[in-house]
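Notes for the structure review
Chain residues, written in single-letter form:
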Amino acid sequence: FASVDVHILRKQADADRQIPIQITLTPRKRNRYSLGLGYGTDTGPRATLVWENRRLNGLGHRFATQLEYSHVVETAQINYLVPLSNPSWQQLRYSLGGTRQVLGSGIAYSTTLGVNRNTVLGAWSENQYLNLEHDRSTLSTGTIITTLLVPGLTFNRTVSNNPVYPTHGYRASLDIRGSSHDLGSDVSFLQLHLSSKFIVSFNETTRLLLRGEIGATAVNNFDDLPLSQRFYTGGDQTVRGYKYNSIGPLDSSGNVIGGKDLLVGSMEVDHR
């Protein structure tokens, strides 16, 4: 709803001390459109276009499409969202999307068909997913083409005193994913990725920002792993002064090919 107004009609209370309540609901518009234009040191010029149908039917199903473009990432995605038994904090999402992204010295093209079950409980959110991914990774040494069935589980926790400019709080995310030849995937691997950010303030204008990432991959032959499943770093939210996703292990020719493991840490003082 766009608005919900609740009025207590005290003057109409009856002898049994029952007080009527009048609720006025104003529905949101069925369709929402948004266009975003911007510039970032990581992405350069960028644009985003979104269309969402908020009420496909009386069961609360929603449909959304999103297009994003920059010189390092291009995405197109279609989402179909279904509320579950507790729609305020639990939903099912079916998705189909394509992505082109620059990773190190290579380019990764991915097409993904997935289903996600998302649950939000206060500061916690949990996402169970199953993705069918077709990847084409282009490197200077050749092309890697893989098809993977990837189940995964993500946990997120966010605590802050302000959603726009927090002065105290933290965010932590843990993602566990993998694939197996036994499930029909071209590559068997198991991967863990943990990231966190802590904010502590000295006063109203000065903050201490602590960030960290840990990643690890178990895989028999790393060369078979598509670029989209490898680790990279660099950019304004990881290692400043380096281009986005430009840091990683090198091949014999000096090309950045991504890593099997990841360890990143940073400490910054932010003064307004």
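In this text the structure is predicted, and so the values were computed from the model without any measurement.

For the rest of this paragraph, the subject is unusual backbone geometry. For residues that are not glycine, phi is negative in most cases, and the peptide bond is trans in most cases. Positive phi values are uncommon outside glycine, yet arginine 17 reaches one of about 65 degrees. One can find arginine 17 in the loop between β1 (3–8) and β2 (21–26). Residue arginine 17 is classed as exposed on the basis of its relative accessible area of 74%. A positive phi is found at asparagine 245, a non-glycine position, where the angle reads about 55 degrees. Relative to the helices and strands, asparagine 245 is located in the loop between β13 (206–219) and β14 (262–271).

The next thing to look at is a nonpolar patch on the surface. A grouping of Phe1, Val4, Val6, Ile8, Ile19, Ile21, Ile23 and Leu25 is seen on the molecular surface, where their side chains present a nonpolar patch of about 780 Å² in accessible area. Breaking the nonpolar patch down by element, the ones donating at least two residues are β1 and β2. Mapped onto the elements, isoleucine 23 comes out in strand β2.

Relative to strand β10 (residues 142–160), strand β9 (residues 124–139) is paired through 16 bridges, and the arrangement is antiparallel. Each bridged residue has a counterpart across the sheet, and for glutamine 128 the counterpart in β10 is leucine 153. With antiparallel pairing between neighbouring strands as the criterion, β9 and β10 make up a hairpin whose turn holds two residues. One ladder, built from nine bridges, connects β10 with strand β11 (residues 169–179); its direction is antiparallel. For glycine 152, the partnering residue across the bridge sits in β11 and is arginine 177.

Another aspect to go through is the pattern of salt bridges. Per the counting criterion, the structure on display carries nine salt bridges. The partner of aspartate 175 in a salt bridge is arginine 177, with the nearest N and O atoms 3.5 Å apart. Exposure remark for arginine 177: the relative accessible area of 14% places this residue in the buried category. With a shortest N-O distance of 3.4 Å, aspartate 261 and lysine 260 are connected by a salt bridge. A relative accessible area of 44% means that aspartate 261 is categorised as partly exposed. One network of salt bridges, in which partners are shared, links Arg32, Glu52 and Arg62.

Moving on, we get to the sheet that holds β11. In any sheet, the strands associate via hydrogen bonds between backbone groups, in a parallel or an antiparallel arrangement. The sheet built from twelve strands is open, its strands ordered β3-β4-β5-β6-β7-β8-β9-β10-β11-β12-β13-β14 with antiparallel pairing. The sheet is open, and its two edges are formed by β3 (31–40) and β14, each paired on a single side. Neighbour-to-neighbour, the strand axes of the sheet open up by a mean angle of 15 degrees, direction not taken into account. Judged from the 15 bridges that link them, strand β8 (residues 106–121) and β9 form a sheet pairing that is antiparallel. Across the sheet, asparagine 116 pairs through a bridge with tyrosine 129, a residue of β9.

Structurally, glutamate 268 is set in strand β14. Since its relative accessible area comes to 17%, glutamate 268 is described here as buried. Among the polar contacts listed, one links the side chain of glutamate 268 to the side chain of arginine 211, at a separation of 3.3 Å. When neighbours within four sequence positions are excluded, glutamate 268 is seen to be in contact with Arg207, Leu208, Leu209, Arg211 and Arg240.

Basis of the calculations
Residues numbered from 1 in each chain as written. Predicted model: local features only at pLDDT ≥ 70, side-chain atom pairs only at ≥ 80, totals over all residues. Heavy atoms only, no water. Helix = DSSP H or I, 4+ residues; strand = E, 2+ residues; numbered from the N terminus. Buried < 20%, exposed > 50% of the residue type's maximum accessible area, 1.4 Å probe, protein only. Patch = residues over 30% accessible without salt bridge, like charges linked within 9 Å, V, L, I, M, F, W, Y side chains within 5 Å. Areas by Shrake-Rupley, 256 points an atom, 1.4 Å probe, with all protein chains shown as cover. Salt bridge = Lys/Arg side-chain N within 4 Å of Asp/Glu carboxyl O. Pairing = 2+ DSSP bridges. Axes fitted to C-alpha atoms, helices over the stretch in contact; angles between N-to-C directions. Polar contact = N/O pair within 3.5 Å; in protein donor to acceptor, adjacent residues only side chain to side chain. Contact = heavy atoms within 4.5 Å.

Note that all results are geometric; they support no functional claim without further evidence.
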